[in-house]
Amino acid sequence: MGQKKDLTGSEKSKIVRYLAEGCSSLKIAKLLKRDHRTIKRFIQNSQQGRKKRVEKPRRKITAHELRKVKRAAANMPLATSLAIFQSCNITGVPKSTRCAILRDMAKVRKAERRPPLNKTHKLKRQDWAKKYLKTDFSKVLWTDEMRVSLDGPDGWARGWIGKGQRAPVRLRRQQGGGGVLVWAGIIKDELVGPFRVEDGVKLNSQSYCQFLEDTFKQWYRKKSASFKKNMIFMQDNAPSHASKYSTAWLARKGIKEEKLMTWPPCSPDLNPIENLWSIIKCEIYKEGKQYTSLNSVWEAVVAAARNVDGEQIKTLTESMDGRLLSVLAKKGGYIGR
């Protein structure tokens, strides 16, 4: 029974089966007619698992090539490492080395999502800023809708995982498991709502006005005559908002002409309530939380909104003067949130 260097695939399978049956390494060696040391070595290597990868030295690139890579990375922010190096005519560099070199000068980030702004949009944003530059924004009711899903936005379930620990399993459901449409408004330091749009209802002009009749009107009718006289109602240019039907309905409620704020196209960055939605989403989806029912995610939204105090809302509404100045300074360009 001589000692051989390698075991065949069939022999390795038999060793695993014999071990599962409770056989000792010595008995397995006799059954396979192989040297005992060969069997023991295979068992020990299998138990140790994969060996730690030894870091190989990077393929060195010259300082001139490095400068070319840096320029290409700046000019091609969403390109792959291969495309960046190919644009510099640098070949023969493995992916691990390319990524290691790029990590020294950049980091992987998602592209920012923002509405497209053409020349006409920018001009309208500037005109809007000039028109409302002297407005008392404490009298403006900022409104908007937000949809919240059971699973939350993509990419939010990230965090630090300890060494040796496995990342928790997340449910993966179509359309985020479904969601709830929420409407709210903010004025000065007050939060109006949030109110839940009935499940399955698509907001067209008629359903939008009926929704305001059932929710917003209840809040509005309790206000004083002086408040109603001075309040300016803001809504974006969604079809259900800007239609003739909705405009006529608001006019019947006394919200017309200068009391109904005109809104520039593609301008969510100018609406402070968008920041409120961010605060609420950060709270309800913290630590990668998911929900199992529409009622549970709605309850989470209500709880998160209840924790937003008047000072936070006041900070958002008082930011409008700065936003208008930023729009004018950037000649109608996007100002962020």
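The notes below deal with the structure included here. Please read all numbers here as calculations on a predicted model, not as lab measurements.

### Re the nonpolar core
In step 1: Residues Trp128, Trp142, Val148, Met261, Ile280 and Ile284 are the most contacted members of the largest nonpolar core, which totals 38 residues.
In step 2: Among the elements that make up this core, the one with the highest residue count is helix α14 (residues 294-306) (six residues).
In step 3: If you look at the next biggest cluster of nonpolar residues, it comprises 20 residues, including Leu181, Cys209, Leu212 and Phe216.

### Comments concerning the pattern of salt bridges
In step 1: Enumeration over the complete set of coordinates arrives at nine salt bridges.
In step 2: Across the pair Asp269 and Arg125 runs a salt bridge, and its minimum N-O distance is 2.9 Å. Placement of the pair is Asp269 in the loop between α12 (244-252) and α13 (273-284) and Arg125 in helix α7 (residues 119-131), with a sequence separation of 144 residues.
In step 3: The shortest N-O distance in the salt bridge between Glu213 and Lys217 comes to 2.7 Å.
In step 4: Through salt bridges with shared partners, a single ionic network connects Glu213, Lys217 and Lys253.

### Quick look at the side chain of Ser25
In step 1: Tracing the chain through its elements places Ser25 in helix α2 (residues 25-32).
In step 2: Reaching out from Ser25, the side chain makes a polar contact with the side chain of His36 at a distance of 2.9 Å.
In step 3: Setting aside chain neighbours within four positions, we find Ser25 in contact with His36, Ile39, Lys40 and Ile43.

Reading the values: rules and limits
Per chain, the residues get numbers from 1 upward, laid out in the order the sequence is written. Under the rules for a predicted model, residues below a pLDDT of 70 receive no local features and side-chain atom pairs below 80 are neither given nor counted, while totals for whole chains, interfaces and linings still include all residues. Note: side-chain values were computed over all heavy atoms of the structure, leaving out hydrogens and water. Buried Ala, Val, Leu, Ile, Met, Phe, Trp, Tyr and Cys residues that are joined via side-chain atoms within 4.5 Å together make up what is termed a nonpolar core. For every residue, the accessible area (1.4 Å probe, protein chains only) is compared with the maximum for its type, and the residue is labelled buried under 20%, exposed over 50%, or partly exposed between those bounds. Put simply, DSSP marks the helices as runs of H or I at least four residues long and the strands as runs of E at least two long, and each gets a number from the N terminus on. A carboxyl oxygen of Asp or Glu within 4 Å of a side-chain nitrogen of Lys or Arg is what we treat as a salt bridge. Two N or O atoms form a polar contact when they lie within 3.5 Å of each other; inside protein one atom must be a possible hydrogen donor and the other a possible acceptor, and for residues adjacent in sequence the pair counts only when both atoms belong to side chains. By definition, residues are in contact when any of their heavy atoms lie within 4.5 Å.

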